[in-house]
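So the chains spell out like this:
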Amino acid sequence: MTDRQLITLRVNGEPYELVIEPRRTLADTLRQDLGLTGTHLGCEHGICGACTVLVDGAPARACLMFAVQAEDRDIRTVESLADGDELSDLQRAFSAHHALQCGFCTPGFLMLAEGFLAERPEATREEIRELVSSNLCRCTGYQPIVDAVEDCARRRQASRREHDRAACGEAERSGHAAGA
Amino acid sequence: MKPAAFTYHRARDVAGAIRLLAELGDEAKIIAGGQSLVAMMNYRLARPAHLVDIGRIGGLDHLRGDGSTLRIGALTTHHAVEVATDAWLGRGFTLLRDAMAWVGHLPIRTRGTVGGSLAHADATAEWCLLAVLLDAEIVASGPRGTRTIAAGDFFHGFYTTALAADEMITEVVFPRPAPHSALLEFAERRGDFAIVSAAVDLDVDEHRAGRAVRGGRVALGGVAPVPVRVPEAEAVLAEGGQAGPDLFRRCAAAAAAAIDPPGDGNGSADYRRALTQTLIEDACAKAVSR
Amino acid sequence: MSAHTTESRHAPAGRYVGASVPRREDPRLLTGRGRFVDDIRIPGLLHAQFVRSRVASGVVTSIDLSAVLDVPGVVAAYTAADLDVIGITAVLDRPRTQFVPTEMPILARDRVRFAGEPLAIVIAEDPYAAEDGVEAAAVTYQVHTPVTSAEQALEPGAPLVHDEAADNVLLDVSMFATEGIDEVFAEAPCVVRVRTRTGRQNAVPLETRGAVADWDDRDAQLVVRTCTQVPHQVRTVMARSLRLDERAVRVITPDMGGGFGQKCVVGREEIAVAAAALRLRRPVKWIEDRKDALTASFLAREQRYDARAAFDRDGRILALDADIVCDMGAYSCYPFTAAVEPLMASAEMPGVYRVPAYRVRGRAVTTNKAPSAPYRGVSRPQYVMVMERLFERAARELKVDAVELRRRNLITEFPYSGVNNITYDAGSYLDSLNLCEQVLKDEGWYDLKAAAAAGGRHVGIGYSCFNERTGYGSGAFAQRKMSVVPGFDMTEARMDTTGSVTITTGTLSHGQSHETTLAQIAADELKLDISKIKIVQGDTDRVIYGWGTFASRSVVVGGSAVRLAAVKLAEKLRMLAAGLLDTTPDDVELDDGRVRRRDDPGRGLGYAELADIAYLKAHLVPKDLEPGLSVTATFDVFTDGTFGNATHGAVVELHKGTGRVEILRYVCVEDCGVAINPMVVEGQCRGGIAQGIAGALFEQVTYDEQGEPSATGFLDYKVPTASEIPDVAIHHLETPSALTESGAKGVGEGGTIGAPAAVLNAVNDALAPTGVELNDTPITPETVQRALEQAS
């Protein structure tokens, strides 16, 4: 075994200090050193996307990144999505649309969609399909995954509009009050 | 598929990176986004003894336009270009932005860098094709100072470039493309390396009725060890003619006849010629339509 | 989702069967809390990788592992000679003229038969060091000329893959040969012929194979956690290989990332890992990497057909004659053997059509390629493709519409006894075809095709009609003369003192949702809330016995066993309650977690109360009953099983300049009998169709003359993405099975079976004006481009 290095990582908001070989990929470090086994490895050459995590909010392949490169970055994994036993809206959409069967690729698709929707909340179905083509799934035929991501996006849009309307109404009311 | 051991070095600045490269010699390799390199290391097809991580060097992730040129920092990610606004890119550089959709998939584009792509020099890489098409200049720093290499001189062969082992790309400078330009690719699957990629940059006289082509540039990827310009096709454009299917077909045919593409598991030489014909025609049509 | 989804379902008897109950597997899988083999961590865990043959055929002249042991972090390295374990031999009870048994050693001893064959196992402190160790191994070979195609294998004087198989043929059977068939062909007004080849595919479960083995001194037991579809069979082979009593091996299957058949056979690597763990008395983990998964795992599907069909003037099929050669690679797989593909094809080829005369020769040929295993659909994607091409050809010859020609030949009266000695139970063959065609017409695809043709575009419509035998019990497998005969399934149902129920099943879900669907079946029978039922699978110490999951058998066989066990448990509850309620079992009934008197529904006992008595107050249990609430049940099939069916319709456009095949529309009309969970059924259809399209258009491993495989990664092995796989419209018909306890037929493989034929027919329909016909898969863009170019 070769030289090890002390690194610090921030994963799901938690800081970690590790002494590891620099050749360890972020994926192996998450899984083996931090015990965050939700991130899966399906090909180790960046095609299947089962290891997709968020690096500073953007989806990235954890198999194509050494853990040492991830220092000072904000890493998020599938373990961060749910609030205790309460699934996130994206996770619920996946379940409702039967967008997972064996579940092996699922964490990668969830993180892919999570990062994408944060940047492109108004994405069209075609854009979502193109996004979903980033990762491989062998069970579902993809359609339910596209459906789930689209459904989640629409619900978020609706709730944003709802929120905006409420905020607008609030502002109007307070405006009236001020004018009176 | 775990990489062989290496010693990791983190460069703080360009000078430091160059010093490390000079010290470590051939045993060292630069890692930026690592989207090609790490995959090759996982297969142990690449096994550098030293990795020099330039990812933390500040000031190399810029997109700076002055109207006639766009300077792109080596550490700028494909995704940063993909989401850049017109204000950032400067007018007329949408070709570059649109081309990003062809670079792998989103999770690759968020990490992969412009400089890394040029240095890796894959025959079908979009940045390499764009650089050759637009006569971009690649700025490299080394112990002997900074030099500028014309794209036409930069790519030497399969994964080999004019860069010395102790040099690194810091920036690439793109002249502004013509208003009518386009890049198209064909691969069996979305996001795959192209079997053939084609990019055109047409000089169109907007004022004449029926829009006449006065000249243009044509570049191809996947038909030679490096991306190539196709003078025979450009000659057809230079002869001029009405911007339309006939001219584009002749231009594409000249390209298909001129190239001597390889045949492999992804497509025979004949198929690559056929794709060349199609992609150049379609790219020309797309270019004039914008 | 189509309008038929809910409408055509007959009203479910209980609360759960027939409803799209949310999957109980989902929460843990969505939160990263699933537990796959590679997620298992044990203190002191070591990691293994394999030194693999670099040559496809040859003799190992030396293996030197001394440098391996010098690599930092390496703990041990073993060759075949070091491990001394017994190899795997899969056998059929057939004479040697028909079948030649061959052995697959755990590690190759001297002969190597494919590039990637394991030669030595290296064990290290971490997976990185294990690969460092593999690199340090020094192996020399005497290289032989490899056999890289079935054609080459069958040539006289070809090199031999196994000395005992003198002509490289592992199975050679000629079957049925209806009397007078030659005369039928000689006199028939229309004889058509189709020759086709299908590419070698990999099932590509996204989770590769893997195992963690650990010797437990207290239980005197080797505990092996491995992702297998057949845990009990792994246990049997492993115990024999390691010379252990079977009870000394416990095979546990955790969450599993797909299998599709690749994991329904017993692999050699997991046994080597177990042997190493046994020697080291330390836990050892092996996770196959993707390169090995693509080059050295089990492949499938490489077949060649030469088929003829005779038709009369009215378009009725008179006879079918087929010669089938399957390239099974270097070894027979356990327990199915290398015969699995040719026997499936030979037995079932007539499919949904009334074929009065049939003759088939099926051969399994051995070559220097990674071995084959059953893969979702097993031969049916291919023979359906051939049958459907024969009908298209005949339609053209006879100038009849191809759909109409099918209508004239589909089996419409059931039960139907086929020329292949199989009795088909009722199905909706004709209805599904009619509905599929109607849907495509109503949606305007025929109009679009006509308009496209007028505009110089190449749009085509293709169909496939097929059935899917899903009740493979001991009877069917015995008929194939397997010496290890799969088929039955055993279930235990046990209620605990809180009234909750644990049900074990011998089937093994690796994505199919059995934790949900089997619980639905039991919940209805026990009149119990589904949350009170837990399905346990994949543990040879907890599950009595079972044959795992393959051949769409789980809901048919496993589900029936679960239902029977639930019925028995309900009976025991009734007997217990009857005694306590002073009445007879016939006069009590189950209702929502209680047993109550029929004549006085107010009088009853909750399950928890009954269980409390059964276990904790056994003195109150009526004399003629045993304490406790535990029952077992077994289900098997000795008839020809049950047949699901479907019609697929595909609309494609061929893009002239690139040869790209774009699927514009895909319609599936399926009939799997009673759908336990329609959402899950649709999931199986869609996923299956995606894999079928993958085989038709994208995926293939080829070998060069040295026997080197073409694909070491997903850049070369082109698993399609969301951009290539179309949305699929699914319409349901329902012909309940009389065989199964639930009325369900299996549905796991249908999508994969039907898709290649539908796509191939659509492509050829689009090519029809050009006169070019494509019959080999995968159909690459280059082939299509060439076809279109030739024509223009």
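Predicted model only: the values in this text are computed from it and were never measured.

### Some remarks on the layout of surface pockets
Then, in step 1: In this structure, the second largest pocket occupies an estimated 900 Å³ of space.
Then, in step 2: In terms of lining residues, the second largest pocket is bounded by 40 residues, among which Ala187 and Glu188 of chain B together with Arg660, Ser723 and Glu724 of chain C are the most central.
Then, in step 3: Mapped onto the lining of the second largest pocket, the elements with two or more residues apiece are helix H4 (125–132) of chain A, strand S11 (180–186) and helix H12 (269–289) of chain B together with strand S31 (661–671) of chain C.
Then, in step 4: When grouped by side-chain class, the residues that make up the lining of the second largest pocket number 17 nonpolar, nine polar and 14 charged.

### Considering the interface of chain B and chain A
Then, in step 1: On the side of chain A, 34 residues touch chain B, which itself brings 32 residues to the contact.
Then, in step 2: Counting the surface chain B buries against chain A, the share from its top three residues, Arg56, Pro107 and Arg111 of chain B, is 20%.
Then, in step 3: Counting the contacts that link chain B with chain A gives five salt bridges.
Then, in step 4: Salt-bridge contacts for Arg190 of chain B lead to Glu130 of chain A; the nearest nitrogen and oxygen are separated by 3.1 Å.
Then, in step 5: Listed by contribution, the elements that provide at least two residues to the side of chain B that touches chain A are strand S1 (7–10), helix H2 (37–42), strand S3 (50–53) and helix H6 (106–109) of chain B.
Then, in step 6: Counting residues per element, the side of chain B that touches chain A draws most heavily on H2 of chain B, which supplies four residues.
Then, in step 7: Split by residue class, the side of chain B that touches chain A holds 17 nonpolar, eight polar and seven charged.

### With respect to helix H14 (residues 429–442) of chain C
Residue and element names in this part refer to chain C.
Then, in step 1: For H14, spanning 14 residues, the distance from its first C-alpha to its last is 20 Å, which sits close to the expected 20 Å at 1.5 Å a residue.
Then, in step 2: Along H14, the residues that are buried comprise Tyr429, Ser432, Leu433, Leu435, Cys436, Glu437, Val439 and Leu440.
Then, in step 3: Of the residues flanking the end of H14, it is Gly444, one or two places downstream, whose phi is positive at about 90°.

### Some points on the nonpolar core
Then, in step 1: Judged by nonpolar contacts, the single largest core of 228 residues is most densely connected at Phe94 of chain A together with Ile121, Met349, Tyr666 and Ile693 of chain C.
Then, in step 2: Of the residues forming this core, the biggest block, 10 residues, is contributed by helix H21 (residues 750–767) of chain C.
Then, in step 3: Non-local contacts of Ile121 of chain C, meaning those with residues more than four positions away in its chain, are made with Ala48, Gln49, Phe50, Ala76, Ala77, Tyr78, Leu83, Leu107, Ala272, Val273 and Ala276 of chain C.
Then, in step 4: Among the nonpolar cores identified, the runner-up in size contains 45 residues, and Ile503, Ala523, Ile533 and Ala611 of chain C belong to it.

### Details of the pattern of salt bridges
Then, in step 1: Summed over all chains, the structure comprises 109 salt bridges over all chains.
Then, in step 2: Among the salt bridges present, the one from Arg10 of chain A reaches Asp74 of chain A, with a minimum N-O distance of 3.6 Å. Residue Arg10 of chain A is found in strand S1 (residues 5–11), and its partner Asp74 of chain A is found in strand S5 (residues 74–76); the two are separated by 64 residues along the sequence.
Then, in step 3: Its salt-bridge partner being Arg200 of chain C, residue Asp327 of chain C comes within 3.6 Å of it at the nearest N-O pair. In this pair, Asp327 of chain C sits in strand S18 (residues 317–327) while Arg200 of chain C sits in the loop between strand S10 (190–198) and strand S11 (201–202), placing the two residues 127 residues apart along the sequence. Here Asp327 of chain C and Arg200 of chain C have matching classes, each one buried.
Then, in step 4: Look at the salt bridges and you will find they share partners, linking Glu21 and Arg23 of chain A, Arg44 and Arg47 of chain B together with Glu131, Asp132 and Glu135 of chain C into a network.

### Observations regarding the pairing of strand S17 (residues 303–311) of chain C
Consecutive residues of a regular strand have side chains that alternate between opposite faces of the sheet.
All names here are of chain C.
Then, in step 1: One ladder, built from nine bridges, connects S10 with S17; its direction is antiparallel. When the sheet's bridge partners are listed, Arg193 is paired in S17 with Arg308.
Then, in step 2: Summarising the sheet, S17 and S18 pair through nine bridges and their orientation is antiparallel. The partner of Asp306 across the bridge, within S18, is Asp323.
Then, in step 3: From the end of S17 to the start of S18, which pair antiparallel, there are five residues, and Gly315 there has a positive phi angle of about 85°.

### Description of helix H3 (residues 106–119) of chain A
All names here are of chain A.
Then, in step 1: For H3, spanning 14 residues, the distance from its first C-alpha to its last is 20 Å, which sits close to the expected 20 Å at 1.5 Å a residue.
Then, in step 2: Within H3, 12 of the 14 residues are buried, which leaves the element mostly enclosed by the surrounding structure.
Then, in step 3: Taken together, the buried positions of H3 are Thr106, Pro107, Gly108, Phe109, Leu110, Met111, Leu112, Ala113, Glu114, Gly115, Phe116 and Leu117.

### Side note on the packing of helix H2 (residues 89–96) of chain A against H3 of chain A
Residue and element names in this part refer to chain A.
Then, in step 1: Running from amino to carboxyl end, H2 crosses H3 at an angle of 130°, the nearest separation of the two axes being 10 Å. Taken together, H2 and H3 sit at an angle that is classed as oblique. Crossing of H2 over H3 shows right-handed handedness. Touching Leu90, Gln91 and Phe94 of H2 are Thr106, Phe109, Leu110, Ala113 and Glu114, all from H3.
Then, in step 2: Of the residues contributing to the contact of H2 with H3, the split by class is five nonpolar, two polar and one charged.

### Quick word on the domain arrangement of chain B
Residues and elements named next belong to chain B.
Then, in step 1: Here chain B is partitioned into domain 1 (7–53), domain 2 (63–174) and domain 3 (181–289).
Then, in step 2: A straight line from the C-alpha centre of domain 1 to that of domain 2 covers 19 Å.
Then, in step 3: Across the contact, 12 residues belong to domain 1 and 15 residues belong to domain 2.
Then, in step 4: Roughly 1,000 Å² is buried in total at the junction of domain 1 and domain 2, and carbon and sulfur atoms are behind 75% of that figure.
Then, in step 5: Applying the counting criterion to the domain 1 and domain 2 interface returns zero salt bridges.

### Brief notes about the sheet that holds strand S28 (residues 604–606) of chain C
Residues and elements named next belong to chain C.
Then, in step 1: Sheet architecture is open: three strands sit in the order S26-S27-S28, paired in antiparallel fashion. Every interior strand has two partners, whereas the edge strands, strand S26 (588–591) and S28, have only one. Strand after strand, the sheet turns through a mean of 20° between neighbouring axes, direction not considered.
Then, in step 2: In this structure, S26 lies alongside strand S27 (residues 594–597), joined through four bridges in antiparallel fashion. The residue bridging Asp591 from the neighbouring strand is Arg594, located in S27.

### Structural notes on the interface of chain C and chain A
Then, in step 1: Contacts between the two partners involve 56 residues from chain C, matched on the other side by 52 residues from chain A.
Then, in step 2: Together, the buried faces of chain C and chain A total about 4,400 Å²; carbon and sulfur atoms form 55% of this surface.
Then, in step 3: Considering only the surface of chain C that becomes buried against chain A, Leu30, Tyr128 and Leu206 of chain C emerge as the three largest contributors, covering 19% of it.
Then, in step 4: Glu699 of chain C serves as the salt-bridge partner of Arg138 of chain A, at 2.6 Å between the closest nitrogen and oxygen.
Then, in step 5: At the surface where chain C touches chain A, the tally comes to 28 residue pairs in polar contact (both at pLDDT 80 or more).
Then, in step 6: Sorting the residues of the side of chain C that touches chain A by element identifies helix H2 (26–30), helix H5 (127–136) and helix H20 (678–697) of chain C as the ones contributing at least two each.

What counts as what
- Chains are numbered independently. Their residues run from 1 in the order of the written sequence.
- Note on labels: chains are lettered from A, ligands numbered from 1, in written order.
- Given that the model is predicted, a residue must reach a pLDDT of at least 70 before its local features are reported, and side-chain atom pairs must reach 80 or more before they are shown or counted; all residues, however, enter totals for whole chains, interfaces and linings.
- In computing side-chain values, all of the structure's heavy atoms are included and hydrogens and water are not.
- A 1.4 Å probe that fits but cannot get out identifies a cavity on a 1 Å grid over protein atoms alone, an open set with protein on both sides within 12 Å along at least five of seven lines counts as a pocket, and a residue lines either if it has an atom within 4 Å of a point.
- Grid points are joined across faces, edges and corners, and a volume is the space filled by probe spheres set on the points.
- Every helix listed is a DSSP run of H or I at least four residues long, and every strand listed is a run of E at least two residues long, numbered separately from the N terminus.
- Three categories are distinguished: nonpolar for Ala, Val, Leu, Ile, Met, Phe, Trp, Tyr, Cys and Pro, charged for Asp, Glu, Lys and Arg, and polar for the others, with Gly belonging to the last.
- In what follows, residue pairs with any heavy atoms lying within 4.5 Å of each other are defined as contacts.
- Buried area is understood as the total, over both parts, of accessible area removed when two parts are fitted together, assessed with a 1.4 Å probe.
- Only one rule defines a salt bridge in this text: a Lys or Arg side-chain nitrogen within 4 Å of an Asp or Glu carboxyl oxygen.
- The span expected for a helix works out to 1.5 Å for each residue beyond the first.
- Residue burial is assigned from relative accessible area. The probe radius is 1.4 Å, only protein chains are included, and a residue is buried under 20% of its type maximum, exposed over 50%, and partly exposed in between.
- Buried Ala, Val, Leu, Ile, Met, Phe, Trp, Tyr and Cys residues form a nonpolar core when they are joined through side-chain atoms within 4.5 Å.
- Pairing between two strands requires that DSSP report at least two bridges joining them.
- The axes are straight lines fitted to the C-alpha atoms, using for helices just the contacting stretch, and the angles between their N-to-C directions are given from 0 to 180°.
- In what follows, roughly perpendicular refers to angles from 65 to 115 degrees, roughly parallel to angles under 35, roughly antiparallel to angles over 145, and oblique to any angle outside these ranges.
- Two helices crossing with the near one rotated counterclockwise from the far one by less than a right angle form a left-handed crossing, whereas a clockwise rotation gives a right-handed crossing.
- Domain ranges listed in this record stem from an automatic or a database domain assignment.
- Side-chain atoms alone can form a polar contact between residues adjacent in sequence; in general such a contact is a pair of N or O atoms within 3.5 Å, and within protein one must be able to donate a hydrogen while the other accepts it.

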